[in-house]
Amino acid sequence: MRRLIAAILALALLGLPAAYAVQPDEIMADPAKEARARELSRELRCMVCQNQSIDDSEAPLARDLRLLVRERIAAGDSNAQVIDFLVARYGEFVLLKPRFERETLLLWLLTPLALGAGGLALWLQIRRRGQGSAEVTPPLTPDEEAKLAELLSDRAKSG
């Protein structure tokens with residue numbers, strides 16, 4: 001019974017979201033500024049984890065970035081200014097959702113282009129199959145008809 005409870009507790013703890021990565025000493029006194037900081041933190045990539053936002057990551061670098069975001073907000077920067085500051089410092093890779101610019105155009109258009117190409121290939125394949133089924137098989141030659149009649153008569157006799 002104790003093992004079952006321990007297993008359920010372990011699963012419950014694993015199922016908790018990683019949103020608790022923000023430490024109590026990082027939280028700003030002003031709830032509006034803290035909400036802005038959390039919103040910005042969800043948009044920024046942890047450079048260590050690379051698949052998590054700095055809001056979700058417990059890496060020391062993510063903590064430093066969260067503190068930096070809060071410092072910039074406390075200094076009076078707008079959300080766009082904070083993002084621009086971090087992009088200037090760390091590059092576009094720091095953004096979980098890259099901006100739609102000339103440099104990232106291929107990144108944004110690759111998925112729709114791949115889907116369009118796949119749809120076109122599927123349409124062409126269906127079209128080819130449709131044309132192939134319209135072909136008429138040539139009639140049997142007299143030799144083939146005689147062989148077929150012989151096979152059918154043999155089958156009728158044995159059946």
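Predicted model only: the values in this text are computed from it and were never measured. (Residues numbered from 1 in each chain as written. Predicted model: local features only at pLDDT ≥ 70, side-chain atom pairs only at ≥ 80, totals over all residues. Heavy atoms only, no water.)

Peer 1: I'd like to hear about the side chain of Asp-77, residue by residue, with values.
Peer 2: Relative to the elements of secondary structure, Asp-77 occurs in the loop between helix H3 (60-74) and helix H4 (79-90). Side chain to side chain, Asp-77 and Arg-72 meet in a polar contact 2.7 Å long. Apart from the residues within four sequence positions on either side, Asp-77 is in contact with Arg-36, Arg-72 and Val-82. (Helix = DSSP H or I, 4+ residues; strand = E, 2+ residues; numbered from the N terminus. Polar contact = N/O pair within 3.5 Å; in protein donor to acceptor, adjacent residues only side chain to side chain. Contact = heavy atoms within 4.5 Å.)

Peer 1: How would you summarise the packing of helix H2 (residues 31-43) against H4 if you had to cite specific residues and measurements?
Peer 2: Two elements in contact, H2 and H4, have axes separated by 11 Å at closest approach and are oriented at 40°. Taken together, the axis directions place H2 and H4 in an arrangement best described as oblique. Every pair of crossing elements has a handedness; the one defined by H2 and H4 is right-handed. Packed against H2, whose contacting residues are Arg-36, Glu-39, Leu-40 and Glu-43, the element H4 presents Asn-79, Val-82 and Ile-83 at the interface. Within the contact of H2 with H4, the residues separate by chemical class into 3 nonpolar, 1 polar and 3 charged. (Axes fitted to C-alpha atoms, helices over the stretch in contact; angles between N-to-C directions. Parallel < 35°, antiparallel > 145°, perpendicular 65-115°, else oblique. Left-handed = near helix turned anticlockwise from the far one by under 90°. Nonpolar A, V, L, I, M, F, W, Y, C, P; charged D, E, K, R; others polar.)

Peer 1: So what's going on with a nonpolar patch on the surface? Residues and values would help.
Peer 2: A cluster of nonpolar residues, Phe-100, Leu-105, Leu-107, Trp-108, Leu-109 and Leu-113, forms a patch on the protein surface that exposes about 580 Å² of accessible area. Checked against the element boundaries, Leu-109 lands in helix H5 (residues 105-133). (Patch = residues over 30% accessible without salt bridge, like charges linked within 9 Å, V, L, I, M, F, W, Y side chains within 5 Å. Areas by Shrake-Rupley, 256 points an atom, 1.4 Å probe, with all protein chains shown as cover. Salt bridge = Lys/Arg side-chain N within 4 Å of Asp/Glu carboxyl O.)

Peer 1: Just give me the short version of H2, but keep the residues and values in it.
Peer 2: End to end, H2 covers 19 Å across 13 residues, agreeing with the expected 18 Å (1.5 Å per residue, within 8%). Glu-34, Ala-37, Arg-38, Leu-40 and Ser-41 are the residues of H2 that are buried. For H2, the angular spread of buried residues about the axis comes to 165°, placing them on one side. Buried-residue contacts for H2 involve H3 and H4. (Expected span 1.5 Å × (residues − 1). Buried < 20%, exposed > 50% of the residue type's maximum accessible area, 1.4 Å probe, protein only. Arc of directions from axis to C-beta.)

Peer 1: Which residues make up H3, and what are the values?
Peer 2: Side chains three or four residues apart in an α-helix point the same way, a direct result of the helix having 3.6 residues per turn. Taking 1.5 Å per residue as the helical rise, H3 with its 15 residues ought to reach 21 Å, and the 21 Å between its terminal C-alpha atoms agrees with that figure. Here H3 has its buried residues at Ala-62, Leu-65, Arg-66, Leu-68, Val-69, Arg-70 and Ile-73. Looking at the buried positions of H3, the neighbouring elements they touch are H2 and H4. Positive backbone phi, approximately 100°, marks Gly-76, located one or two places after H3.

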